[in-house]
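Letter by letter, the chains look like this.
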Amino acid sequence: MEILELTALELGKKIKAGEITVREAVQAAIDRAKEAEPVINSYVTLDEAGAFAQAEEIQKKIDAGELTGPLAGVPVAIKDNMCIKGQLTTCSSKILSNFKPTYTAEAVENLKKAGVVIIGKTNMDEFAMGSTTETSYYGPTRNPHNTAHVPGGSSGGSCAAVAAGECFGALGSDTGGSIRQPSSFCGVVGLKPTYGTVSRYGLVAYGSSLDQIGPIAKDVSDCAAFLEAIASHDPKDSTSIDRDDYDFTSALENNVKGLKIGIPKDYMGDGLDPEVRKAVLRAAKVLEENGAVVETFNLGLVKYAIPAYYTIASAEASSNLERFDGVKYGYRTEEYEGLHNMYKKTRSEGFGPEVKRRIMLGSFVLSSGYYDAYYLKALRTKALIKKEFDKAFEYYDIILGPAAPTTAPELGKSLSDPLKMYLGDIYTISVNLAGLPGMTVPVGKDENGLPIGMQLIGNAFEEKTLIRAAYTYECATGKQYETMADISKAAAEKEVR
């Protein structure tokens, strides 16, 4: 079996057994990235020299018995809104195109402690604002399954890199579905943990009350292992929670007997692509055949989730992005007259259209006379949505539904209609508003060969229940992850047709 065909845990075992060296694993990932990047554009920065230096150091520690974890020596990628000391961290924006942080994000530090090799920073929607990875200053990322389509967003670069075999796992951030939706579009597994489970220290903020870092991987086992590596209590992050149990890999059990699963009727109605509906319901049937109890129910307030989310997220974004003014770091306009003119020109030239749109919307809803009418009302709606989920979890262990209304749209089709792009987040944003964990697992493909993902939503701190259900589904259906050879073959057959 070729190195790139392995999952992260399989590769980790072979490295530990001495069958593959860390350098060989890194070389395979970098060779694949160099081959794919001219088309896929998953990376903003590919740190070849740094990766080989890390590989040498990690190999010595593995040989000396200092690094014994399951992910030691495995090459991974990091979304470009997480700080790494001395390495470009751009958020895929012109305004941070020259920014090198003086510290490293806690989640990345935790990965380093696990012994992974960080090979680069991945492309994303600018400041994580978008659902297609088309708003990036560095150009769009393409879906490895069909390069005429988007990979989703905003963590599209991370998901495409894993799907294309350019790394063995990646970190993304999820503010309203930015891990789960692109994981669905790219046919990989993505998990957004309960708010506060993974430190946000070193994550460039978009919506502070909604952002959460999470893992993207080839299969459920890898996803659980990466989550176990990055989750921790961090006193540097005031929203970080000290949990009793971080042993997520212990949930890898093929057993859902008696598990109660609810499917919201609101999620399966108008606007949902028939092929997506069929694939998700087929996946629910698989879990039912393995002993789970599956029912449909009414989950109220779904229609209010999108306006509440975009009001809150835009308000927080307008506040968080005030710091980018060209004074201390980042891009500064070359010609200006006075301080205020420098601010205006720097921000006008440094931010893209989608970021400007959200800053303006956020500034409006926070302004005098509109704060009560919009922002406070959105916060009350957020609380009501959380209550609806609390009621649902009195009866169900898991809520099951689609991750997105359709499969990946074609490049260029979403940016012309921002409202339509916002509506595409209908199934994912409620999870962030309620601070709950959510997970996307591939469950099939549409007639065009584009992946379809099922979303599993759990009660707060119930990631292990999601992992158990997802693992059971994976065991029942065979490994869903496709190798790059499979993807390349399918793409070639499509071209021939």
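Treat the numbers as computed from the prediction; the structure is a model and nothing was measured.

(A) View of the sheet that holds strand β11 (residues 451-458). Reading across the sheet, the 11 strands line up as β1-β3-β2-β4-β6-β5-β10-β11-β9-β7-β8 and stay open at both edges, with mixed pairing between neighbours. The open sheet has two edge strands with one neighbour each: β1 (43-46) and β8 (293-297). In this sheet, adjacent strand axes meet at a mean angle of 30 degrees when their direction is disregarded. With two bridges joining them, strand β2 (residues 75-79) and strand β4 (residues 169-174) adopt parallel strand pairing. Residue pairing for β4: Ala 77 is matched across the bridge by Ala 170.

(B) Fine view of unusual backbone geometry. Here the residue pair Gly 153 and Ser 154 is connected by a cis peptide bond, since its omega of 10 degrees sits within 30 degrees of zero. Backbone geometry places Phe 127, a non-glycine residue, at a positive phi of 50 degrees. Looking at the secondary structure, you find Phe 127 in the loop between β3 (117-122) and α5 (156-163). Its identity as a non-glycine residue notwithstanding, Ala 128 has a phi of 70 degrees, on the positive side. Positionally, Ala 128 belongs in the loop between β3 and α5.

(C) Representation of the pattern of salt bridges in the model. Inspection of every chain in the model, using the stated rule, returns 16 salt bridges. Here Lys 121 ties to Asp 80 by a salt bridge, and the two come within 3.1 Å at their closest N and O atoms. Taken as a pair, Lys 121 in strand β3 and Asp 80 in the loop between β2 and α4 (106-113) lie far apart in primary sequence, 41 residues in all. On the basis of relative accessible area, Lys 121 is assigned to the buried category, the value being 0%.

(D) Expanded view of the pairing of β3. In terms of burial, β3 is largely enclosed, as six of its six residues are buried. Pairing of β1 with β3 involves three bridges; the strand directions are antiparallel. Following the sheet pairing, Leu 46 is matched in β3 by Gly 120. As for the winding sense of the linkage, the β-α-β connection from β2 through α4 to β3 is right-handed.

(E) Main features of empty space enclosed by the protein. The tally for this structure, following the rule as stated, stands at three cavities of 30 Å³ or more. The space that makes up the largest cavity amounts to roughly 80 Å³. The wall of the largest cavity is formed by 13 residues, among which Gly 130, Ser 131, Ser 178, Tyr 309 and Asp 425 lie closest to the centre. Its residues assigned to classes, the lining of the largest cavity comprises four nonpolar, seven polar and two charged. Of the pockets and cavities examined, the second largest cavity occupies roughly 50 Å³.

(F) View of the packing of aromatic side chains. Tallying each qualifying case throughout the model produces 14 aromatic pairs. When the centroid spacing of 5.2 Å and the interplanar angle of 70 degrees are considered together, the rings of Tyr 137 and Tyr 138 count as edge-to-face. Accessibility expressed as a relative area gives 44% for Tyr 137, which makes it partly exposed. Aromatic side chains Tyr 371 and Tyr 375 sit 5.4 Å apart centroid to centroid with 50 degrees between the ring planes, which places their arrangement in the tilted category. Within this pair, Tyr 371 and its partner Tyr 375 are both found in helix α12 (residues 371-392), separated by four residues, close to a single helical turn. Given the relative accessible area of 34%, Tyr 371 is considered partly exposed. Site record: aromatic cluster; members linked through ring pairs are Phe 99, Phe 127, Phe 324, Tyr 329 and Phe 351. In this structure, Arg 23 packs its charged tip against the face of Phe 52, placed 4.2 Å from the ring centre.

(G) Molecular detail of the environment of Thr 465. The topology assignment puts Thr 465 in helix α15 (residues 463-477). Measuring from C-alpha to C-alpha, the distance between Thr 465 and Gly 156 comes to 26 Å, with 309 residues separating the pair along the chain. For Thr 465, the residues in contact, after removing those within four places along its chain, are Leu 259, Asp 397 and Ile 398.

(H) Fine view of the nonpolar core. Among the nonpolar cores identified, the biggest contains 145 residues, and Phe 127, Phe 389 and Met 439 are the most heavily contacted of them. Ranked by residue count, the leading element in this core is helix α9 (residues 305-320), at nine residues. Those residues in contact with Phe 127 that lie beyond four places of it in its chain are Cys 91, Ser 93, Ile 95, Leu 96, Val 204, Tyr 206, Leu 321, Phe 324, Phe 351 and Val 355.

(I) Up close: the pairing of β4. Within β4, six of the six residues are buried, leaving the element largely enclosed by the surrounding structure. The alternating pattern of β4 places Gly 169, Leu 171 and Ser 173 on one face and Ala 170, Gly 172 and Asp 174 on the opposite face, and all of these are buried. Of the strand pairs in this sheet, β4 and strand β6 (residues 212-217) are connected by six bridges, and their pairing is antiparallel. By the bridge assignment for β6, Ala 170 is matched with Ile 216.

(J) Here's a closer look at the packing of α9 against α12. Running from N to C, α9 and α12 point in directions that differ by 125 degrees, and their axes come no closer than 9 Å. The orientation of α9 relative to α12 falls into the category oblique. Here α9 and α12 pass one another in a crossing that is left-handed. Between α9, through Ala 305, Ala 308, Thr 311, Ile 312, Ala 315 and Glu 316, and α12, the contact on the second element is made entirely by Tyr 374, Tyr 375, Ala 378, Leu 379, Thr 381, Lys 382 and Ile 385. Residue composition of the contact of α9 with α12, grouped by class: nine nonpolar, two polar and two charged.

(K) View of the state of the cysteines. Counted under the stated rule, the structure contains zero disulfides. Left unpaired, Cys 223 is separated from the closest cysteine sulfur, that of Cys 159, by 10 Å. A disulfide-free cysteine, Cys 475 has its sulfur positioned 15 Å from the sulfur of Cys 223, the nearest such atom.

Parameters at a glance
Residues numbered from 1 in each chain as written. Predicted model: local features only at pLDDT ≥ 70, side-chain atom pairs only at ≥ 80, totals over all residues. Heavy atoms only, no water. Pairing = 2+ DSSP bridges. Helix = DSSP H or I, 4+ residues; strand = E, 2+ residues; numbered from the N terminus. Axes fitted to C-alpha atoms, helices over the stretch in contact; angles between N-to-C directions. Salt bridge = Lys/Arg side-chain N within 4 Å of Asp/Glu carboxyl O. Buried < 20%, exposed > 50% of the residue type's maximum accessible area, 1.4 Å probe, protein only. Right-handed = clockwise from strand over helix to strand, strands pointing away. 1 Å grid on protein atoms, 1.4 Å probe; cavity = no way out; pocket = protein on both sides within 12 Å on 5 of 7 lines; lining within 4 Å. Points joined across faces, edges and corners; volume = space filled by probe spheres on them. Nonpolar A, V, L, I, M, F, W, Y, C, P; charged D, E, K, R; others polar. Phe/Tyr/Trp six-rings, centres within 6.5 Å; stacked < 30°, edge-to-face > 60°. Lys NZ or Arg CZ within 6 Å of the ring centre and 35° of its normal. Contact = heavy atoms within 4.5 Å. Core = buried A, V, L, I, M, F, W, Y, C linked by side-chain atoms within 4.5 Å. Parallel < 35°, antiparallel > 145°, perpendicular 65-115°, else oblique. Left-handed = near helix turned anticlockwise from the far one by under 90°. Disulfide = S-S within 2.5 Å.

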